[in-house]
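These are the residues of each chain, in order.
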Amino acid sequence: MDTATGAPTGTPPGTPTETPAASPAQEERQKEPLRFPAGFVWGAATAAFQIEGAAELRGPSIWDTFCRTPGKVHGGDTGDVAVDHHRLWRDDVALMDRLGLGAYRFSVSWPRVLAGGIGFYDALVDELLAHGIQPCLTLYHWDLPQELEDAGGWPERETAHAFAAYAETVAGALGDRVQLWTTLNEPWCSAFLGYASGVHAPGRTSPADSLRAAHHLNLAHGLAAAALPSSARVGIALNPSAVRPLTGSAEDLDAQRRIDALANRIFTGPLLHGAYPEDLKADTARLTDWSFVRPGDEALIHQPLGFLGVNYYTPAVVSAAPDGGGPRSDGHGATAYSPWPGAQDVAFHQPPGELTDMNWSIDPTGLYDLLMRFAREVPGLPLMVTENGAAYAPDLHDPQRIRYLEEHLTAVHRAVTDGAPVEAYYLWSLLDNFEWSYGYSKRFGIVHVDYATQARTPRASAHWYARLARTGTL
Ligand code: FCB
């Protein structure tokens, strides 16, 4: 155990292999190479709380508080040290350069900016640019300053205005060099895991408040997008759900419709079309009259988008459950409280397919379906895969991860071939890191981190990805 992070330590078994000649999926395809378009961007993603550490140089966020709430985070792990990126950032950028990455998606810590720490990101951006790596900056990856949660958090409208002011500060410092901005990362998780099921910070369990939170997150996006410089390409990273009905029955199709509204259209409605879906409002009428949506809000959320970011890991399978569903899996950890407000009579089922170390089933067609859906829904809107990847054992030899990546990139390639304007792929994640309520027990990195020494060692998947980034050919 590392005393600072509480994370397991030790050199992992297995040694990195040379870049494998061909992974199993490639062999199945009989080695027919898939060429991505020239200019396709190969990146990797991280988030501030998950990697930075240096908690003493900023105020607390809701995740600091949550980590210190007994029983909320595996092993009582914290983000105090994480993978010490706040100290090792130069080495990490050099590592990205060695892997040949064209872009790096990172997030800025709002509490660090409030504490006057924006200089860290200023230097990071310069270093990335000096290495020819394009910065893709996320303003909010879940680390709400605790003082704003104390004032009511995302269910309060004022939080959206505070976010816009913060966005302006960051844009003032970095807007001359950063072109790619994502306002929010996965607002579904912030709203519904944070305020309905309570498995994420701040751990509240109010279905009505979670809907208010979703709206104020949308509003925060709109206000921030309007505040960013006109030179910025502004996007948002959603985690849209590839939600499928268990059967073709009318009841199961209706369950699919309802979860699609709560997972997807609650965001894409106002973002892409300037209005919340009527069926969503009807489905949740028992919980709220939606009067927190003020005249003009939906138009404000409907800002011009430079791109839509899609984070994808696993699909969802739902059915009607008139008896209330009983014990069920919701795909986001067993919870006593549902993250789906007003949908008690929908049951979630384990989708078919092999499982990763998160017990998430592997199904790349979900990614294909989502990319094609958005390509059809808003023709011409550039798309980026802003996260995709898999957790496996600590080993440096990680053929399952390579296979996962290869299968998902094959799906991305198919979407591109079928006309989806996908520009970039950001692998989650560059480094092993703090995986939210799972603490350090789940490893998503293509680079292994020894939590005792903070040594970084590229896994076989990192060598594989470097080759892909170099050749653009899968
Ligand atoms: C996403 C999060 C990211 C990481 C991956 C595994 O939901 O955006 O921070 O935890 O899941």
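Above: the structure in question.
Report follows, based on the coordinates. (Residues numbered from 1 in each chain as written. Predicted model: local features only at pLDDT ≥ 70, side-chain atom pairs only at ≥ 80, totals over all residues. Heavy atoms only, no water.)

### Side note on the site of the ligand
Part 1: Around the ligand lies a shell formed by Gln50, His141, Trp142, Asn185, Glu186, Tyr313, Glu387, Trp428, Glu435, Trp436 and Phe444.
Part 2: Taking His141, its side chain carries an N or O atom lying 2.8 Å from an oxygen atom of the ligand.
Part 3: Here the ligand, which alone exposes 290 Å², has 95% of that area covered by the protein.
Part 4: The class makeup of the residues in the shell around the ligand is 5 nonpolar, 3 polar and 3 charged. (Near = heavy atom within 4 Å. Polar contact = N/O pair within 3.5 Å; in protein donor to acceptor, adjacent residues only side chain to side chain. Areas by Shrake-Rupley, 256 points an atom, 1.4 Å probe, with all protein chains shown as cover. Nonpolar A, V, L, I, M, F, W, Y, C, P; charged D, E, K, R; others polar.)

### Some thoughts on helix H10 (residues 207-227)
Structural remark: α-helix, 3.6 residues per turn; residues separated by three or four positions point the same way.
Part 1: Here H10 is 21 residues long and its end C-alpha atoms lie 30 Å apart, about the 30 Å a rise of 1.5 Å per residue gives.
Part 2: Counting buried positions along H10 yields 15 of 21 residues, so the element is predominantly enclosed. (Helix = DSSP H or I, 4+ residues; strand = E, 2+ residues; numbered from the N terminus. Expected span 1.5 Å × (residues − 1). Buried < 20%, exposed > 50% of the residue type's maximum accessible area, 1.4 Å probe, protein only.)

### What about the pairing of strand S3 (residues 134-140)?
Part 1: The element S3 is extensively covered by neighbouring structure, given that 6 of its 7 residues are classed as buried.
Part 2: Two strands pair when backbone bridges link them, and strand S2 (residues 103-107) and S3 are joined in this way by 5 bridges, in the parallel orientation. Bridge pairing in S3 links Arg105 to Cys136.
Part 3: Sheet topology places S3 next to strand S4 (residues 180-185); 4 bridges connect them, and they run parallel. Bridged to Thr138 within S4 is Thr182. (Pairing = 2+ DSSP bridges.)

### Here's the deal with the nonpolar core
Part 1: Counting residues in each nonpolar core, the largest one holds 157 residues, and the members touching the most others are Trp63, Trp154, Phe163, Val170, Val412 and Tyr425.
Part 2: Sequence-distant contacts of Tyr425, defined by excluding residues within four places in its chain, comprise Phe40, Val41, Trp42, Gly43, Val385, Asn388, Leu405, Leu409, Val412 and Tyr465. (Core = buried A, V, L, I, M, F, W, Y, C linked by side-chain atoms within 4.5 Å. Contact = heavy atoms within 4.5 Å.)

### Quick look at the sheet that holds strand S10 (residues 383-387)
Part 1: Taking strand neighbours around the barrel as the criterion, the 8 strands line up as S1-S2-S3-S4-S5-S7-S10-S11 in a closed arrangement whose pairing is parallel. In this sheet, neighbouring strand axes are inclined to one another by 25° on average, regardless of whether the strands run parallel or antiparallel.
Part 2: Contacts from helix H8 (residues 157-174) reach S3 and S4 within the one sheet, and its direction differs from that of S3 by about 160°. (Axes fitted to C-alpha atoms, helices over the stretch in contact; angles between N-to-C directions.)

### Some words on the sheet that holds strand S6 (residues 243-245)
Part 1: One open sheet holds the 3 strands; their spatial order is S6-S8-S9, and the pairing between them is mixed. Because the sheet does not close on itself, it has two edges, and the strands there are S6 and strand S9 (346-349). Between one strand and the next, the sheet's axes are offset by a mean angle of 40°, whatever the strand orientation.
Part 2: Packing against the sheet, helix H11 (residues 250-273) makes contact with S6, strand S8 (316-320) and S9, and its axis sits at approximately 130° to S8.

### Topic: the packing of aromatic side chains
Part 1: Using the criterion set out here, one finds 35 aromatic pairs in the structure.
Part 2: A ring pair is formed by Phe36 and Phe40, whose centres lie 4.9 Å apart and whose planes are at 50°; its orientation type is tilted. No difference in accessibility class separates Phe36 from Phe40, as the two residues are buried.
Part 3: Residues Tyr440 and Tyr451 carry aromatic rings whose centres are separated by 5.0 Å and whose planes lie at 65° to one another, so their mutual orientation is edge-to-face. Of this pair, Tyr440 sits in the loop between strand S11 (422-428) and strand S12 (447-449) while Tyr451 sits in the loop between S12 and strand S13 (456-458), and the two are 11 residues apart along the sequence. As far as burial versus exposure is concerned, Tyr440 and Tyr451 are alike and both buried.
Part 4: One aromatic cluster is present, built from ring pairs that chain together Phe49, Trp63, Phe66, Trp142, Phe434, Trp436, Tyr440 and Tyr451.
Part 5: The ring centre of Tyr368 lies 3.7 Å from the NZ or CZ of Arg414, which sits over that ring. (Phe/Tyr/Trp six-rings, centres within 6.5 Å; stacked < 30°, edge-to-face > 60°. Lys NZ or Arg CZ within 6 Å of the ring centre and 35° of its normal.)

### A look at the pattern of salt bridges
Part 1: Applying the stated rule across the entire model yields 30 salt bridges.
Part 2: Note that Glu387 is salt-bridged to Arg105, the shortest N-O span being 3.1 Å. With Glu387 in strand S10 and Arg105 in strand S2, this residue pair connects regions lying 282 residues apart in the sequence. Assigned by exposure class, Glu387 and Arg105 land together as buried. (Salt bridge = Lys/Arg side-chain N within 4 Å of Asp/Glu carboxyl O.)

### Focus: the state of the cysteines
Part 1: The tally for this structure, following the rule as stated, stands at 0 disulfides.
Part 2: Between Cys136, a cysteine without a disulfide, and Cys189, which holds the nearest cysteine sulfur, the sulfur-to-sulfur distance is 18 Å.
Part 3: For Cys136, a relative accessible area of 0% corresponds to the buried category.
Part 4: Left without a disulfide partner, Cys189 is nearest to the cysteine sulfur of Cys67, which lies 16 Å away.
Part 5: Classification of Cys189 by relative accessible area gives buried; the value is 4%. (Disulfide = S-S within 2.5 Å.)

### Section: the packing of helix H9 (residues 187-195) against H10
Part 1: Between H9 and H10, the least distance of the axes is 8 Å, while the angle of their chain directions is 160°. Relative to H10, H9 is oriented roughly antiparallel. Pair H9 / H10 crosses with right-handed handedness. Of the residues in H10, those in contact with Pro187, Ser190, Ala191, Phe192 and Tyr195 of H9 are Pro207, Asp209, Ser210, Leu211, Ala213, Ala214 and Leu217.
Part 2: Split by residue class, the contact of H9 with H10 holds 9 nonpolar, 2 polar and 1 charged. (Parallel < 35°, antiparallel > 145°, perpendicular 65-115°, else oblique. Left-handed = near helix turned anticlockwise from the far one by under 90°.)

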